[in-house]
Amino acid sequence: EENAFGTGTEIGAILFYGDRKKSLIFEHRSNRIFDTYLTYKLRGYFKLDDVNVYTDVPSTSENRIKREKTAEYRQLYLGGTFGVGSQFQKFGNLFIEAKYEKNEVKNKFDFPESRTYIQDIAAFKVSLSIDSQNKYPYPTFGSRINAFAESGLSVFNADVGFTKVYFDYMGFFSIGERH
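Residues numbered from 1 in each chain as written. Predicted model: local features only at pLDDT ≥ 70, side-chain atom pairs only at ≥ 80, totals over all residues. Heavy atoms only, no water.

1. Quick notes on the packing of aromatic side chains
Inference 1: Under the criterion given, the structure shown has 2 aromatic pairs.
Inference 2: With centroids separated by 4.6 Å and ring planes inclined at 40°, the aromatic side chains of Tyr73 and Phe111 adopt a geometry described as tilted. Taken as a pair, Tyr73 in strand S4 (residues 66–88) and Phe111 in the loop between strand S5 (92–109) and strand S6 (117–131) lie far apart in primary sequence, 38 residues in all.
Inference 3: Classification of Tyr73 as buried rests on a relative accessible area of 17%.
Inference 4: Ring plane angle 25° and centroid distance 5.5 Å describe the contact between Phe148 and Tyr166, whose orientation is recorded as stacked. Linking Phe148 in strand S7 (residues 142–153) with Tyr166 in strand S8 (residues 162–172), this pair joins segments that are 18 residues apart in sequence.
Inference 5: Tyr166 gets classed as partly exposed once you look at its relative accessible area, which sits at 39%. (Phe/Tyr/Trp six-rings, centres within 6.5 Å; stacked < 30°, edge-to-face > 60°. Helix = DSSP H or I, 4+ residues; strand = E, 2+ residues; numbered from the N terminus. Buried < 20%, exposed > 50% of the residue type's maximum accessible area, 1.4 Å probe, protein only.)

Set out below in structure tokens:
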């Protein structure tokens, strides 16, 4: 719904159901808060992944790799995010997001009990995207930058801390005119 209850906000849901992967995501967002250039996004989610664990099996041939399934586990994610951001000029977006998630790994088949866990994760993320490309999907001039820094904090009863940094740059330029 792109104009939920006449407020100019968007409400959406994503449902994915497969044999080994399932997810349900609800999102409420606004591209403009009142008459400002601020935007927000509120998201709740549940995800489930079934993962097979394989080990190498000795092979009689040097050209072949043999593996066999030795275990299986299920990873569950239950959480939510809230973010506020802004568009700057006509090319970029800056977004600050907070996340709280319960992450659980369970044994399904012969997975070591010592590797199962339930952990709470609290994190803050700052992301930046700048796009000055002249056209989509095949630009001939301009650049695109996508970057973020995310840090997990051991506050709010969160069990682990972490830091993740990502930077992606793609540039296009023209050497001369083609006739």
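2. So, the pattern of salt bridges
Inference 1: Scanning the entire structure with this criterion turns up 13 salt bridges.
Inference 2: The partner of Asp50 in a salt bridge is Lys108, with the nearest N and O atoms 3.2 Å apart. In this pair, Asp50 sits in strand S3 (residues 38–57) while Lys108 sits in strand S5, placing the two residues 58 residues apart along the sequence.
Inference 3: Judged by its relative accessible area of 39%, Lys108 is partly exposed. (Salt bridge = Lys/Arg side-chain N within 4 Å of Asp/Glu carboxyl O.)

Function cannot be read off these values alone, since they describe shape.
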